[in-house]
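Chain and residue survey
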Amino acid sequence: METTLLLEKNAVENLLPQKFPFVMVDKMYSFTETSLVAGLKIENDNIFSDNDTFLEAGLIEHMAQSVALHTGYQFFLKNETAPTGYIGSIKEIEIKKLPKVNDSIQSTITILQEFAGITLVDIVTYLNNEEIANGQMKTVLAK
């Protein structure tokens, strides 16, 4: 997976609408107009961990916030404030394995379509180069 770190925790948190303890992305490894790789080290105080396991809801939220980070960084590069976005739909999410506390996961988002504030993305999440989750989301920017 990606090893070059572009943004660390504080910079990433400034680009997301979510705030502690609900932030599920703490690193950005790469960014293009149509893709992004984001990461998260799962800490023991994460609200989505239970019995040393990061739950399905946490994985899906990590995936969604990876999309939000892409949008936030796009607006940051234009020196504009990012609008709030919402998950419009989640399609065909497959979770193959749940990570544990202290694991670091990475999600790669690929934009498939973007039109009028609606974005369709493909997302794949990895743990130690093993695909543990994938799916598609549609996000909508608030007007």
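For the structure, see preceding data.
Since the model is a prediction, treat every value here as computed from it, not as a measurement.

This part covers the environment of Asn44. On the secondary structure map, Asn44 appears in the loop between strand 2 (35-41) and strand 3 (49-50). Asn44 gets classed as exposed once you look at its relative accessible area, which sits at 65%. A C-alpha to C-alpha distance of 32 Å links Asn44 and Phe75, two positions 31 residues apart in sequence. Contacts of Asn44, omitting those with residues within four sequence positions, involve Ser49 and Val101.

Attention now goes to the sheet that holds strand 5 (residues 85-95). The strand order across the open sheet formed by 6 strands is 1-2-6-7-8-5, and the pairing between neighbours is antiparallel. Every interior strand has two partners, whereas the edge strands, strand 1 (27-32) and strand 5, have only one. Going across the sheet, the axis of each strand differs from the next one's by a mean of 20°, ignoring polarity. Two elements, strand 6 (residues 104-115) and strand 7 (residues 118-127), share 10 bridges in a ladder whose sense is antiparallel. Looking at the pairing, Phe115 lines up with Ile118 of strand 7.

Below, the discussion takes up the packing of aromatic side chains. Within the structure shown, the criterion is met by 3 aromatic pairs. An angle of 75° between the planes, with centres 4.8 Å apart, marks the rings of Phe31 and Tyr73 as edge-to-face. A residue pair is termed long-range when its members are at least 10 positions apart, and Phe31 in strand 1 and Tyr73 in helix 2 (residues 56-77) qualify at 42 residues. Residue Phe31 is classed as buried on the basis of its relative accessible area, which comes to 17%. The exposure class of Tyr73 is buried, given its relative accessible area of 15%. Three or more aromatic residues link up through ring pairs in this structure, and these residues are Phe31, Tyr73 and Phe76. Positioned over the ring face of Phe75 is Lys78, at 4.5 Å from the centre of the ring.

Positionally, Gln65 belongs in helix 2. Since its relative accessible area comes to 0%, Gln65 is described here as buried. Those residues within four positions of Gln65 in sequence are excluded, and the remaining contacts are Leu16, Gln18, Phe22, Val23, Met24 and Val25.

A few words now on the nonpolar core. Counting residues in hydrophobic clusters, the biggest one holds 31 residues, and the most contacted among them are Val12, Met28, Leu36, Phe54, Leu69, Ile105 and Ile123. Going through the elements one at a time, helix 1 (9-15), strand 1, strand 2, helix 2, strand 6, strand 7 and strand 8 (130-141) are the ones with two or more residues in this core. Look past the residues within four positions of Val12 in its chain and what remains in contact with it is Leu7, Val25, Asp26, Lys27, Met28 and Leu69.

A separate point is the pairing of strand 8. Where strand 5 meets strand 8, 8 bridges bridge the pair, whose relative direction is antiparallel. Residue pairing across strands places Ile87 opposite Thr139, the latter belonging to strand 8. As paired strands, strand 7 and strand 8 are joined by 10 bridges and run antiparallel to one another. Pairing of Leu127 across the sheet is with Glu130, part of strand 8. Where strand 7 hands over to strand 8, the hairpin turn is made up of 2 residues, of which Asn128 adopts a positive phi near 50°.

Calculation criteria
- Residues numbered from 1 in each chain as written.
- Predicted model: local features only at pLDDT ≥ 70, side-chain atom pairs only at ≥ 80, totals over all residues.
- Heavy atoms only, no water.
- Helix = DSSP H or I, 4+ residues; strand = E, 2+ residues; numbered from the N terminus.
- Buried < 20%, exposed > 50% of the residue type's maximum accessible area, 1.4 Å probe, protein only.
- Contact = heavy atoms within 4.5 Å.
- Pairing = 2+ DSSP bridges.
- Axes fitted to C-alpha atoms, helices over the stretch in contact; angles between N-to-C directions.
- Phe/Tyr/Trp six-rings, centres within 6.5 Å; stacked < 30°, edge-to-face > 60°.
- Lys NZ or Arg CZ within 6 Å of the ring centre and 35° of its normal.
- Core = buried A, V, L, I, M, F, W, Y, C linked by side-chain atoms within 4.5 Å.

Distances and angles like these do not, on their own, reveal function.
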